[in-house]
Amino acid sequence: MEVERVQAVASSLMTAETIPADFIRPEQERPAITTYLGPAPDIPTIDLSLPDRDSVARAIAHASKEWGIFQVVNHGIPAELISRLQAAGKHFFDLPPEEKEAYAKPPESQSVEGYGTRVSKDVNCKRTWNDHLFHKVWPPSSINYRFWPTNPQDYREVNEEYTEYIREVVDGLFRCLSVGLGLEEKAMMEAVGGEELQYNLKINYYPPCPRPDLALGVAAHTDLSTLTILVPNDVPGLQVLKDGHWIDAKHIPNALIVHIGDQIEILSNGLYKAVLHRSTVNKEKARMSWPVFLEPPEEWVVGPLPQLLSPESPPKYKAKKFKDYMYCKLNKLPQ
Ligand SMILES: O=C(O)CCC(=O)C(=O)O
(Lines give C-alpha, C1' and ligand atoms only; values in the text may rest on other atoms or scores of the structure.)
Protein backbone atom coordinates (compact mmCIF):
# COMPACT_ATOMS: atom_id res chain seq x y z
CA MET A 1 0.00 0.00 0.00
CA GLU A 2 1.32 3.42 -0.94
CA VAL A 3 1.61 5.52 2.21
CA GLU A 4 0.68 9.17 1.99
CA ARG A 5 3.14 11.19 4.06
CA VAL A 6 1.78 14.07 6.12
CA GLN A 7 4.64 16.24 4.83
CA ALA A 8 3.25 15.75 1.29
CA VAL A 9 -0.30 16.54 2.45
CA ALA A 10 0.98 19.72 4.12
CA SER A 11 2.88 20.83 0.98
CA SER A 12 -0.23 20.38 -1.15
CA LEU A 13 -2.24 22.55 1.25
CA MET A 14 0.15 25.53 1.47
CA THR A 15 -2.49 28.16 0.72
CA ALA A 16 -5.51 26.11 1.77
CA GLU A 17 -7.86 27.18 4.52
CA THR A 18 -8.82 23.77 5.71
CA ILE A 19 -7.45 20.26 6.08
CA PRO A 20 -8.77 16.84 4.96
CA ALA A 21 -11.62 15.58 7.11
CA ASP A 22 -9.67 12.56 8.41
CA PHE A 23 -7.31 14.92 10.28
CA ILE A 24 -10.10 16.90 11.98
CA ARG A 25 -10.39 15.82 15.61
CA PRO A 26 -13.75 15.54 17.38
CA GLU A 27 -14.54 18.65 19.45
CA GLN A 28 -13.57 17.06 22.76
CA GLU A 29 -9.99 16.67 21.47
CA ARG A 30 -9.54 19.89 19.51
CA PRO A 31 -6.69 22.00 20.90
CA ALA A 32 -8.57 25.27 20.32
CA ILE A 33 -11.41 24.07 22.54
CA THR A 34 -9.58 21.98 25.14
CA THR A 35 -6.32 23.85 25.86
CA TYR A 36 -6.48 25.40 29.33
CA LEU A 37 -6.15 29.17 29.13
CA GLY A 38 -6.24 30.05 32.83
CA PRO A 39 -3.15 30.51 35.01
CA ALA A 40 -1.44 27.11 35.18
CA PRO A 41 1.63 25.92 37.06
CA ASP A 42 4.71 25.01 34.99
CA ILE A 43 5.92 21.45 34.65
CA PRO A 44 8.62 21.13 37.36
CA THR A 45 12.18 21.97 36.28
CA ILE A 46 15.00 20.18 38.08
CA ASP A 47 18.65 21.22 38.09
CA LEU A 48 20.67 18.01 37.89
CA SER A 49 23.93 19.74 38.79
CA LEU A 50 22.95 20.63 42.37
CA PRO A 51 25.46 19.17 44.83
CA ASP A 52 22.79 17.95 47.28
CA ARG A 53 21.98 14.60 45.59
CA ASP A 54 19.26 13.75 48.10
CA SER A 55 17.34 16.89 47.36
CA VAL A 56 17.63 16.22 43.59
CA ALA A 57 16.26 12.69 44.17
CA ARG A 58 13.43 14.11 46.28
CA ALA A 59 12.54 16.66 43.60
CA ILE A 60 12.50 13.95 40.91
CA ALA A 61 10.36 11.66 43.06
CA HIS A 62 7.96 14.49 43.87
CA ALA A 63 7.57 15.50 40.21
CA SER A 64 7.08 11.85 39.21
CA LYS A 65 4.30 11.42 41.76
CA GLU A 66 2.52 14.72 41.14
CA TRP A 67 3.07 15.23 37.41
CA GLY A 68 4.65 12.18 35.78
CA ILE A 69 6.79 14.62 33.81
CA PHE A 70 9.57 17.11 34.49
CA GLN A 71 12.26 19.03 32.65
CA VAL A 72 15.92 18.69 33.56
CA VAL A 73 18.58 21.36 33.09
CA ASN A 74 22.36 21.25 33.64
CA HIS A 75 22.22 17.58 32.68
CA GLY A 76 25.73 17.49 31.23
CA ILE A 77 24.81 17.16 27.53
CA PRO A 78 26.59 19.97 25.64
CA ALA A 79 24.18 22.47 24.05
CA GLU A 80 26.24 22.25 20.87
CA LEU A 81 25.62 18.47 20.67
CA ILE A 82 21.86 19.00 21.08
CA SER A 83 21.99 21.55 18.23
CA ARG A 84 23.87 19.05 16.04
CA LEU A 85 21.33 16.32 16.85
CA GLN A 86 18.52 18.68 15.84
CA ALA A 87 20.30 19.81 12.68
CA ALA A 88 20.97 16.21 11.58
CA GLY A 89 17.31 15.20 12.08
CA LYS A 90 16.04 18.31 10.31
CA HIS A 91 18.43 17.68 7.42
CA PHE A 92 16.90 14.22 6.99
CA PHE A 93 13.31 15.50 6.96
CA ASP A 94 14.28 18.25 4.49
CA LEU A 95 15.51 15.64 1.96
CA PRO A 96 13.43 14.91 -1.17
CA PRO A 97 10.74 12.26 -0.57
CA GLU A 98 12.52 9.53 -2.54
CA GLU A 99 15.63 9.82 -0.35
CA LYS A 100 13.57 9.50 2.82
CA GLU A 101 11.59 6.59 1.38
CA ALA A 102 14.81 4.56 1.21
CA TYR A 103 14.45 4.29 5.01
CA ALA A 104 10.72 3.47 5.03
CA LYS A 105 9.54 0.87 7.51
CA PRO A 106 9.07 -2.31 5.44
CA PRO A 107 5.32 -3.02 5.13
CA GLU A 108 5.61 -6.54 6.56
CA SER A 109 7.86 -5.50 9.48
CA GLN A 110 6.69 -6.18 13.05
CA SER A 111 9.15 -3.59 14.37
CA VAL A 112 8.51 0.14 14.58
CA GLU A 113 11.89 0.92 13.01
CA GLY A 114 12.05 3.05 9.89
CA TYR A 115 10.61 6.18 8.30
CA GLY A 116 6.87 6.16 8.74
CA THR A 117 3.52 7.79 9.01
CA ARG A 118 0.93 6.28 11.22
CA VAL A 119 -1.38 4.52 8.79
CA SER A 120 -3.60 2.75 11.27
CA LYS A 121 -6.20 5.27 12.27
CA ASP A 122 -6.97 5.75 15.94
CA VAL A 123 -10.27 4.90 17.63
CA ASN A 124 -11.97 7.93 16.13
CA CYS A 125 -10.74 6.95 12.64
CA LYS A 126 -8.63 10.08 12.67
CA ARG A 127 -5.09 10.64 11.42
CA THR A 128 -2.43 12.61 13.24
CA TRP A 129 -0.39 15.41 11.67
CA ASN A 130 2.98 13.68 11.94
CA ASP A 131 5.68 11.72 10.10
CA HIS A 132 8.51 10.05 11.98
CA LEU A 133 11.74 8.09 11.85
CA PHE A 134 12.33 5.36 14.43
CA HIS A 135 15.55 3.46 15.09
CA LYS A 136 17.27 1.81 18.02
CA VAL A 137 20.38 3.44 19.40
CA TRP A 138 21.33 1.11 22.29
CA PRO A 139 22.44 -1.58 23.15
CA PRO A 140 24.79 -2.10 20.17
CA SER A 141 23.45 -5.64 19.57
CA SER A 142 19.96 -4.19 18.88
CA ILE A 143 21.06 -1.60 16.32
CA ASN A 144 20.12 -1.94 12.66
CA TYR A 145 22.03 0.76 10.79
CA ARG A 146 19.81 0.23 7.75
CA PHE A 147 17.42 2.67 9.42
CA TRP A 148 20.05 5.28 10.27
CA PRO A 149 20.22 7.96 7.55
CA THR A 150 23.60 8.36 5.84
CA ASN A 151 22.62 11.88 4.77
CA PRO A 152 23.72 14.08 6.50
CA GLN A 153 27.11 12.47 6.75
CA ASP A 154 27.51 13.15 10.45
CA TYR A 155 24.11 11.61 11.35
CA ARG A 156 25.62 8.45 12.85
CA GLU A 157 28.44 10.20 14.70
CA VAL A 158 26.07 12.75 16.25
CA ASN A 159 23.48 10.17 17.28
CA GLU A 160 26.13 7.88 18.77
CA GLU A 161 27.60 10.75 20.77
CA TYR A 162 24.14 11.81 21.99
CA THR A 163 23.40 8.22 23.04
CA GLU A 164 26.59 8.08 25.15
CA TYR A 165 25.51 11.20 27.03
CA ILE A 166 21.88 10.16 27.37
CA ARG A 167 22.93 6.88 28.98
CA GLU A 168 24.68 8.81 31.77
CA VAL A 169 21.59 10.93 32.35
CA VAL A 170 19.35 7.86 32.36
CA ASP A 171 21.52 6.04 34.93
CA GLY A 172 21.29 9.08 37.21
CA LEU A 173 17.52 9.38 36.77
CA PHE A 174 16.95 5.71 37.61
CA ARG A 175 19.12 6.06 40.73
CA CYS A 176 17.07 9.07 41.86
CA LEU A 177 13.75 7.33 41.15
CA SER A 178 14.88 4.36 43.28
CA VAL A 179 16.26 6.42 46.15
CA GLY A 180 13.13 8.59 46.04
CA LEU A 181 11.08 5.52 47.04
CA GLY A 182 13.57 4.40 49.70
CA LEU A 183 14.95 1.61 47.47
CA GLU A 184 18.52 0.52 46.69
CA GLU A 185 20.05 2.80 44.02
CA LYS A 186 20.09 0.05 41.39
CA ALA A 187 16.65 -1.40 42.14
CA MET A 188 14.64 0.24 39.36
CA MET A 189 17.25 -0.05 36.61
CA GLU A 190 17.76 -3.74 37.37
CA ALA A 191 14.01 -4.33 37.39
CA VAL A 192 13.63 -3.01 33.83
CA GLY A 193 16.48 -4.91 32.21
CA GLY A 194 19.71 -3.32 33.50
CA GLU A 195 22.34 -3.45 30.74
CA GLU A 196 19.71 -4.79 28.34
CA LEU A 197 17.46 -1.73 28.58
CA GLN A 198 16.59 -0.74 24.99
CA TYR A 199 16.95 2.84 23.76
CA ASN A 200 14.57 3.56 20.87
CA LEU A 201 14.97 6.96 19.23
CA LYS A 202 12.07 8.53 17.38
CA ILE A 203 12.22 11.76 15.42
CA ASN A 204 8.81 13.39 15.09
CA TYR A 205 8.21 15.78 12.22
CA TYR A 206 5.04 17.87 12.40
CA PRO A 207 4.76 19.99 9.21
CA PRO A 208 3.10 23.42 9.34
CA CYS A 209 -0.66 22.89 9.47
CA PRO A 210 -3.25 25.33 7.98
CA ARG A 211 -5.70 24.51 10.81
CA PRO A 212 -3.74 23.79 14.01
CA ASP A 213 -6.96 24.42 15.95
CA LEU A 214 -8.54 21.28 14.44
CA ALA A 215 -5.67 18.76 14.29
CA LEU A 216 -3.29 16.99 16.68
CA GLY A 217 0.33 15.99 16.02
CA VAL A 218 0.12 13.05 18.42
CA ALA A 219 -3.16 12.13 20.14
CA ALA A 220 -3.38 11.82 23.94
CA HIS A 221 -1.49 8.81 25.30
CA THR A 222 0.84 7.59 28.00
CA ASP A 223 4.11 6.01 26.88
CA LEU A 224 4.60 2.24 26.98
CA SER A 225 8.18 2.85 28.05
CA THR A 226 9.87 3.04 31.45
CA LEU A 227 11.02 6.61 30.87
CA THR A 228 11.06 8.76 27.75
CA ILE A 229 13.68 11.49 27.38
CA LEU A 230 12.64 14.12 24.84
CA VAL A 231 14.39 17.03 23.16
CA PRO A 232 12.03 19.38 21.27
CA ASN A 233 12.91 22.06 18.72
CA ASP A 234 11.93 25.63 19.61
CA VAL A 235 8.34 25.33 18.33
CA PRO A 236 6.07 24.68 21.32
CA GLY A 237 3.44 21.94 21.12
CA LEU A 238 3.78 19.40 23.93
CA GLN A 239 0.76 19.44 26.26
CA VAL A 240 0.18 17.44 29.44
CA LEU A 241 -3.01 16.69 31.30
CA LYS A 242 -2.74 18.05 34.84
CA ASP A 243 -5.70 18.08 37.21
CA GLY A 244 -8.09 17.70 34.29
CA HIS A 245 -6.57 20.55 32.22
CA TRP A 246 -4.46 20.37 29.06
CA ILE A 247 -1.54 22.68 29.72
CA ASP A 248 1.42 23.69 27.53
CA ALA A 249 4.96 22.63 28.35
CA LYS A 250 7.15 25.72 28.55
CA HIS A 251 10.08 25.71 26.12
CA ILE A 252 13.37 25.80 28.02
CA PRO A 253 16.29 25.87 25.57
CA ASN A 254 18.49 22.74 25.92
CA ALA A 255 16.37 21.19 28.67
CA LEU A 256 15.44 17.50 28.42
CA ILE A 257 11.81 16.59 29.04
CA VAL A 258 11.48 13.38 31.07
CA HIS A 259 8.19 11.45 30.85
CA ILE A 260 7.32 8.70 33.32
CA GLY A 261 6.02 5.80 31.22
CA ASP A 262 3.72 2.89 32.02
CA GLN A 263 6.49 0.51 33.13
CA ILE A 264 7.68 2.84 35.92
CA GLU A 265 4.09 3.38 37.05
CA ILE A 266 3.75 -0.41 37.27
CA LEU A 267 7.11 -0.98 39.02
CA SER A 268 6.32 1.69 41.59
CA ASN A 269 2.84 0.17 42.11
CA GLY A 270 1.26 3.45 41.09
CA LEU A 271 3.35 5.78 43.27
CA TYR A 272 4.88 7.32 40.15
CA LYS A 273 2.36 8.30 37.47
CA ALA A 274 2.67 7.81 33.72
CA VAL A 275 1.82 11.19 32.20
CA LEU A 276 -1.02 11.60 29.69
CA HIS A 277 0.28 13.89 26.95
CA ARG A 278 -0.34 14.95 23.35
CA SER A 279 1.16 17.35 20.85
CA THR A 280 -0.33 20.23 18.95
CA VAL A 281 0.90 21.65 15.65
CA ASN A 282 1.79 25.09 14.32
CA LYS A 283 0.41 27.12 11.42
CA GLU A 284 3.70 28.55 10.17
CA LYS A 285 6.50 26.39 11.47
CA ALA A 286 7.47 22.73 11.42
CA ARG A 287 7.67 21.31 14.92
CA MET A 288 10.12 18.51 15.65
CA SER A 289 10.92 16.39 18.68
CA TRP A 290 13.42 13.64 19.52
CA PRO A 291 12.03 11.27 22.17
CA VAL A 292 14.18 8.32 23.28
CA PHE A 293 11.92 5.58 24.65
CA LEU A 294 13.65 3.39 27.24
CA GLU A 295 12.07 -0.04 27.06
CA PRO A 296 12.67 -3.39 28.75
CA PRO A 297 13.60 -6.29 26.44
CA GLU A 298 10.45 -7.86 24.99
CA GLU A 299 10.65 -11.04 27.09
CA TRP A 300 11.33 -9.11 30.32
CA VAL A 301 8.65 -9.42 33.00
CA VAL A 302 7.68 -6.14 34.68
CA GLY A 303 5.46 -6.00 37.74
CA PRO A 304 5.22 -4.04 41.00
CA LEU A 305 8.50 -4.20 42.96
CA PRO A 306 8.08 -6.67 45.86
CA GLN A 307 9.90 -4.18 48.17
CA LEU A 308 6.96 -1.79 47.74
CA LEU A 309 4.24 -4.33 48.51
CA SER A 310 2.64 -5.14 51.86
CA PRO A 311 -0.81 -6.19 53.09
CA GLU A 312 -1.64 -2.45 53.19
CA SER A 313 -0.20 -1.91 49.70
CA PRO A 314 -1.27 -4.90 47.59
CA PRO A 315 -0.22 -5.02 43.91
CA LYS A 316 -2.33 -2.77 41.69
CA TYR A 317 -0.92 -4.15 38.43
CA LYS A 318 -0.26 -7.60 36.98
CA ALA A 319 3.31 -8.70 36.31
CA LYS A 320 3.70 -9.50 32.63
CA LYS A 321 6.17 -9.71 29.79
CA PHE A 322 6.79 -6.36 28.17
CA LYS A 323 5.83 -7.78 24.75
CA ASP A 324 2.45 -8.90 26.13
CA TYR A 325 1.91 -5.50 27.75
CA MET A 326 2.68 -3.85 24.40
CA TYR A 327 0.38 -6.18 22.49
CA CYS A 328 -2.57 -5.44 24.80
CA LYS A 329 -1.96 -1.70 24.77
CA LEU A 330 -1.50 -1.41 21.01
CA ASN A 331 -4.59 -3.54 20.36
CA LYS A 332 -6.60 -1.73 23.04
CA LEU A 333 -7.14 -4.92 25.05
CA PRO A 334 -7.43 -4.96 28.86
CA GLN A 335 -4.08 -5.57 30.61
O1 LIG B 1 6.45 15.70 20.20
C2 LIG B 1 6.19 15.63 21.40
O3 LIG B 1 6.43 16.56 22.16
C4 LIG B 1 5.55 14.39 21.97
C5 LIG B 1 5.82 13.15 21.15
C6 LIG B 1 5.16 11.92 21.68
O7 LIG B 1 4.43 11.93 22.63
C8 LIG B 1 5.42 10.64 20.99
O9 LIG B 1 6.10 10.62 19.97
O10 LIG B 1 4.91 9.60 21.50
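Only a predicted model underlies this, so the values are computations on that prediction, with no experimental measurement involved.

A. The arrangement of the overall build of the protein in detail. Counting secondary structure elements, the protein contains 9 helices and 14 strands. A compact globule built from 335 residues would reach a C-alpha radius of gyration of about 20 Å, and the protein, at 20 Å, matches this within 12%. Summarising its shape, the C-alpha atoms of the protein cover approximately 60 × 45 × 40 Å along the three principal directions. The proportion of buried residues among the 335 residues of the protein is 40%. Pairs at least 24 residues apart make up 77% of the contacts formed inside the protein by residues separated by at least 6 positions.

B. Up close: the environment of aspartate 324. Tracing the sequence through the fold places aspartate 324 in helix H9 (residues 322-330). For aspartate 324 and valine 301, which are 23 residues apart along the polypeptide, the C-alpha to C-alpha distance reads 9.3 Å.

C. Highlighting the sheet that holds strand E6 (residues 218-221). In space, the 4 strands of this open sheet follow the order E6-E11-E8-E9, with antiparallel pairing throughout. Every other strand in the sheet has two partners, leaving E6 and strand E9 (245-248) as the edge strands with one partner each. Taken pair by pair, the neighbouring strands of this sheet meet at an average axis angle of 25°, ignoring direction. Where strand E8 (residues 238-242) and E9 come together, 4 bridges link them in antiparallel fashion. When the bridges of E9 are listed, leucine 241 appears paired with tryptophan 246.

D. Inspection of the nonpolar core at higher detail. The biggest cluster of nonpolar side chains holds 80 residues, and the ones touching the most others in it are Ile60, Leu177 and Val258. Element by element, the count of residues in this core is highest for helix H6 (residues 155-179), at 9 residues. Discounting chain neighbours no more than four positions away, the residues touching valine 258 are Ile69, Phe70, Val72, Leu173, Leu227 and Ile229.

E. Up close: the site of the ligand. Residues in close proximity to the ligand include Lys202, Asn204, Val218, Leu230, Pro232, Gly237, Leu238, His277, Ser279, Ser289 and Pro291, which together make up its full environment. Counting residues per element, the ones that place at least two in the shell around the ligand are strand E5 (198-206), strand E7 (227-232), strand E11 (277-279) and strand E12 (287-295). For the shell around the ligand, the residue count by class is 5 nonpolar, 5 polar and 1 charged.

F. Summary view of the UniProt feature "domain: Fe2OG dioxygenase" (unreviewed entry) in the protein. Residues annotated in UniProt with the feature "domain: Fe2OG dioxygenase" (unreviewed entry) correspond here to residues 196-296. Structurally, residues 196-296 comprises 6% helix and 45% strand, and the distance from its first C-alpha atom to its last is 7 Å.

G. Structural context of helix H3 (residues 53-66). Between the first and last C-alpha of H3 there are 20 Å, a value that for 14 residues agrees with the 20 Å anticipated at 1.5 Å per step. When we look at burial in H3, the residues that qualify are Val56, Ala57, Ala59, Ile60, Ala61, Ala63 and Ser64. Looking at the packing, one finds that the buried side of H3 touches strand E1 (45-47), strand E2 (69-73), H6 and strand E10 (256-260). Backbone geometry just downstream of H3 places glycine 68 in the positive-phi region, at approximately 75°.

H. How the structure looks around the packing of H3 against H6. Interaxial distance between H3 and H6 falls to 8 Å at its minimum, and their mutual angle equals 80°. In this view, H3 runs roughly perpendicular relative to H6, as classed from their interaxial angle. Two secondary-structure elements touch here, H3 through Val56, Ala57, Ile60, Ala61 and Ser64 and H6 through Leu173, Cys176, Leu177 and Val179.

I. Focus on the pairing of E2. Most of E2 is tucked away: 4 of the 5 residues are buried. Two elements, E1 and E2, share 3 bridges in a ladder whose sense is parallel. Within E2, the position partnered with aspartate 47 by the bridge is valine 73. Of the crossover connections in this fold, the one passing from E1 over H3 to the parallel E2 is right-handed. Note: E2 against E10, 4 bridges, orientation antiparallel. Looking across to E10, one finds that valine 72 is bridged to leucine 256.

J. Structural context of the packing of helix H4 (residues 79-93) against H6. Where H4 meets H6, the closest approach of the two axes is 9 Å, and the angle between their N-to-C directions is 140°. One finds that H4 runs oblique with respect to H6. For the element pair H4 and H6, the recorded crossing hand is left-handed. Here Leu81, Arg84, Leu85, Ala88 and Phe92 of H4 come into contact with H6, specifically with Tyr155, Val158, Asn159, Glu161, Tyr162 and Tyr165. Of the residues that constitute the contact of H4 with H6, the class distribution is 8 nonpolar, 1 polar and 2 charged.

K. Structural detail: the environment of histidine 75. By secondary structure assignment, the location of histidine 75 is in the loop between E2 and H4. A residue is classified by how many C-beta atoms lie within 10 Å of it, and histidine 75, with 22 of them, is buried. Separated by 153 residues in the primary sequence, histidine 75 and threonine 228 have C-alpha atoms spaced 15 Å apart.

L. Expanded view of the environment of proline 97. Looking at the secondary structure, you find proline 97 in helix H5 (residues 97-101). Looking at proline 97, the number of C-beta atoms within 10 Å reads 11, which means it is exposed. Residues proline 97 and asparagine 130, spaced 33 residues apart in sequence, show a C-alpha to C-alpha distance of 15 Å.

Rules of the game
Residues numbered from 1 in each chain as written. Predicted model: local features only at pLDDT ≥ 70, side-chain atom pairs only at ≥ 80, totals over all residues. Helix = DSSP H or I, 4+ residues; strand = E, 2+ residues; numbered from the N terminus. Rg over C-alpha atoms; globule rule 2.2 N^0.38 Å. Buried ≥ 20, exposed ≤ 12 C-beta atoms within 10 Å, placed from the backbone. Contact = placed C-beta atoms within 7 Å. Pairing = 2+ DSSP bridges. Axes fitted to C-alpha atoms, helices over the stretch in contact; angles between N-to-C directions. Core = buried A, V, L, I, M, F, W, Y, C linked by C-beta atoms within 7 Å. Near = placed C-beta within 6 Å. Nonpolar A, V, L, I, M, F, W, Y, C, P; charged D, E, K, R; others polar. UniProt positions renumbered as here; feature names shortened; annotations may be inferred. Expected span 1.5 Å × (residues − 1). Parallel < 35°, antiparallel > 145°, perpendicular 65-115°, else oblique. Right-handed = clockwise from strand over helix to strand, strands pointing away. Left-handed = near helix turned anticlockwise from the far one by under 90°.

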